[in-house]
Amino acid sequence: MEAIVALGQRTGVALAAHGLGKRFGERVAFDDVSFEIGYGEVFGFLGPNGAGKTTTVRTLSALISPTSGTATVAGLQLTEDNRARIRQRIAVMPEAPGLYPRLTIAENLECFAGLYALADPAERVRRVLAAVDLADRANDPCGKLSKGLRQKVSLARALLNDDAEVVFLDEPTSGLDPLAVREVHEIIDGLRGRGVTVFLTTHRLEEAERLCDRVALLSTTLRALGRPDDLRELLFAKTLVVRTSGPLPDPGRVFDGLPAVEGWRVDGEGLYHLTVSDQSAAAPAVTRALVASGADVLSIGESQHSLEDVYVELIGDDEAGDR
Amino acid sequence: MNAARTRIRAIYRKEFREYRRNWSIVSTMAAIPLGIVTFPLILVIALPASAAQGIGGDPLVILLGIPAIVPSIMAGYAIVGERVQGTLEPLLSTAISSTELVLAKGLAALVPSLAISYGMYAAFVVATEIFAQPAVAAAVLPWPYVVAQLAFTPLLAVLSIWIGFAISARVSDVRVAQQLSAMSVMPALLVAYLISFDVIHMTLALAIVIAAVLLLLDGLGWRLVTAAFNPERLITGTK
């Protein structure tokens, strides 16, 4: 894949929010949101529909004004005076592609290359089209494109601004086929590699898990913030899953009192979930105890909670309450 | 070329391409001038030479309907069209300022409107000179009127554009915006028609007053439209 931009590595905080909030009259879109995101970080912003994600993106991209709190975007304080300068340093891919249907793909991109006042707009358009694998469709009218292709053009448009220090991507892989999703993931990895901060709003939890250095879960207020692994550790007890060829005659005699094993439960025939304080200490002890008891061990492994489990644990009650 | 000019040019070119490929705008922009110019032209060509003395007022003033209505069609589409297509948010996410956007869209509506208006005047003048009785042509085309006409055209077009923008930013349907914009320039047209039928007798002093009022309204319109152009309201639909 062709390199899109050549940026120097930056350090420090690219995007920060402190007690940020936005109200529309009585309705609270989001409230008391605080985080700091470094340059070159891919930050996942997750939450149910209506959680305030899009409004947060619009606020941070200097489209709308916050009603409380402060923010710094691409090194600039989010103020009325800095709006235009901030927008010159960011790129936004909104949830809806928002393309001019009567214009071709190239004409849509040429327009935005002009809006970013790029030095060599034609070359830049050629490169971003190559990056999203649309070079041979440049003269197709956008009104006749499929949803997935429109999504790719929208991504290409967000990649146009080679001065962008922060890129906001709102559901970038929505409507894309698996191969196109992989291409988008490679582009996001490429942005990270060049020190561009990516603020990724997505419903695809496996995508967030695969791409994001850290994630935040929003449901009007921030419910959690951290690396996916840290959130898992924070929310779920560490467990070992033991499978044997048949049920143990007396599992209590095998598991009780073992080092680092805090409890256990039977989850089916020959299936045991052990709550442990330290998996690396517990696993050898459990193995030895099972062998000593003469059990036919099929497997011993760590129980893996997905980001989806974290999401359901933190947000599930809100969504159930909304329904 | 500085960044602001590059951005204005980018929007101007985009608008032009969109208008050219929008059949509803193209057909309206063709039909309205033809409709406005046809009736006075037939009337003037059909007049006998003996009627020249009786021509009071200025049939040419009727043609001011073109710079009043044609730009309102484009200006009415300008903002609400972006909202309906979902293109306003990506557009406003760039570094373009409200002033630059209003200016670019204003120019994109003004230039074709002036071209059409002046083109239609030229066609009217040429057709009158060729097909009307010489005495009628002389009575219909006194040069001071033609010059005044040329001066009023951009002033009226600019006013029509600001009114169109103000309406386009407030409504959520393209056709409603265009119809309201066209209707809102009717008071100016009424004055033109009253002059045309000699109900208001045109004098140099009156021409200067009208030009001054239009100029004042144009300046006021620019200030009001740029001040009222609120990206947050346009994107979120809130007050």
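Residues numbered from 1 in each chain as written. Chains lettered and ligands numbered in written order. Predicted model: local features only at pLDDT ≥ 70, side-chain atom pairs only at ≥ 80, totals over all residues.

### Considerations on the overall build of chain A
1) Next: If you tally the helices and strands in chain A, you get 11 helices and 14 strands.
2) Next: In terms of principal-axis extent, the alpha carbons of chain A reach across some 75 × 45 × 40 Å.
3) Next: Here chain A holds 323 residues, and the buried ones make up 44% of them. (Helix = DSSP H or I, 4+ residues; strand = E, 2+ residues; numbered from the N terminus. Buried ≥ 20, exposed ≤ 12 C-beta atoms within 10 Å, placed from the backbone.)

### Focus: the confidence of the model for chain B
1) Next: Per-residue pLDDT for chain B has a mean of 87; in total, 96% of the residues score no lower than 70.
2) Next: Put simply, helix α9 (residues 186-196) of chain B is where chain B has its lowest mean pLDDT, 79, and helix α4 (residues 88-92) of chain B is where it has its highest, 94. (pLDDT = per-residue confidence, 0-100.)

### As for the interface of chain A and chain B
1) Next: Opposite the 26 residues of chain A that make contact, chain B presents 26 residues.
2) Next: Considering each element in turn, the side of chain A that touches chain B owes the most residues, five residues, to helix α3 (residues 105-115) of chain A.
3) Next: Among the residues making up the side of chain A that touches chain B, the classes are represented as 16 nonpolar, five polar and five charged. (Contact = placed C-beta atoms within 7 Å. Nonpolar A, V, L, I, M, F, W, Y, C, P; charged D, E, K, R; others polar.)

### Some remarks on unusual backbone geometry
Residues and elements named next belong to chain A.
1) Next: One non-glycine residue, Asp133, adopts positive backbone phi at about 60°.
2) Next: With respect to the element layout, Asp133 can be found in the loop between α4 (121-131) and α5 (147-159).
3) Next: The residue Thr220 is not glycine, and still its phi comes out positive at about 70°.
4) Next: Note that Thr220 resides in the loop between β9 (214-219) and β10 (221-226).
5) Next: Overall, the presence of 18 C-beta atoms within 10 Å leaves Thr220 in the partly exposed class.

### Regarding the environment of Val198(A)
1) Next: Locating Val198(A) in the fold gives a position in strand β8 (residues 197-201).
2) Next: Accessibility expressed as a C-beta count within 10 Å gives 25 for Val198(A), which makes it buried.

### Looking at the sheet that holds strand β1 (residues 13-24) of chain A
Residues and elements named next belong to chain A.
1) Next: The strand order β2-β1-β4-β5 describes an open sheet built from four strands, whose pairing is antiparallel. At either margin of the open sheet sits one strand with a lone partner, and together these are β2 (27-38) and β5 (76-77).
2) Next: Pairing of strand β4 (residues 68-73) with β5, which is carried by two bridges, proceeds in the antiparallel orientation. Along β5, the bridge assignment pairs Thr72 with Gln77. (Pairing = 2+ DSSP bridges.)

### Points about the sheet that holds β8(A)
Either a parallel or an antiparallel arrangement is found when strands of a sheet pair, and the pairing is made through backbone hydrogen bonds.
All names here are of chain A.
1) Next: Strand order in this open sheet of six strands is β6-β7-β8-β3-β9-β10, and the pairing throughout is mixed. Bordering the open sheet on either side are β6 (90-93) and β10, each of which pairs with just one other strand. In this sheet, neighbouring strand axes are inclined to one another by 15° on average, regardless of whether the strands run parallel or antiparallel.
2) Next: With four bridges joining them, strand β3 (residues 42-46) and β8 adopt parallel strand pairing. Across the sheet, Val42 pairs through a bridge with Val198, a residue of β8.
3) Next: Relative to strand β7 (residues 166-170), helix α1 (residues 53-60) is tilted by about 155°, and along the sheet it contacts β3, β7, β8 and β9.
4) Next: The strands touched by α5 within the sheet are β6 and β7, with β6 carrying the most contacts at an inclination of about 175°. (Axes fitted to C-alpha atoms, helices over the stretch in contact; angles between N-to-C directions.)

### Quick notes on α9(B)
Residues and elements named next belong to chain B.
1) Next: Every buried residue of α9 is listed here: Ala188, Leu189, Ala192, Ile195 and Ser196. Buried residues of α9, seen end-on, are gathered within an arc of 115° and therefore sit on one face of the element. Turned more than 90 degrees away from the buried face of α9 sit Pro187 and Leu190, all of them exposed.
2) Next: Just downstream of α9 lies Asp198, where phi reads positive at about 65°. (Arc of directions from axis to C-beta.)

### Concerning the pairing of β9(A)
If a strand is regular, its side chains alternate between the two faces of the sheet.
Residue and element names in this part refer to chain A.
1) Next: When you tally the buried positions in β9, you get five out of six residues, the bulk of the element.
2) Next: Two elements, β3 and β9, share four bridges in a ladder whose sense is parallel. Bridge assignment links Leu46 to a residue of β9, and that residue is Leu217.
3) Next: Where β9 and β10 come together, five bridges link them in antiparallel fashion. Counted as the bridge partner of Ser219 is Thr221 from β10.
4) Next: Linkage of β9 to β10, two consecutive antiparallel strands, is achieved through a turn of one residue, within which Thr220 is found at a positive phi near 70°.

### Quick look at the pairing of β4(A)
Residues and elements named next belong to chain A.
1) Next: Relative to β4, β1 is paired through five bridges, and the arrangement is antiparallel. Bridge assignment links Ala16 to a residue of β4, and that residue is Thr72.
2) Next: Counted along the chain from β4 to the antiparallel partner β5, the turn is two residues long, and its residue Ala74 has a positive phi close to 50°.

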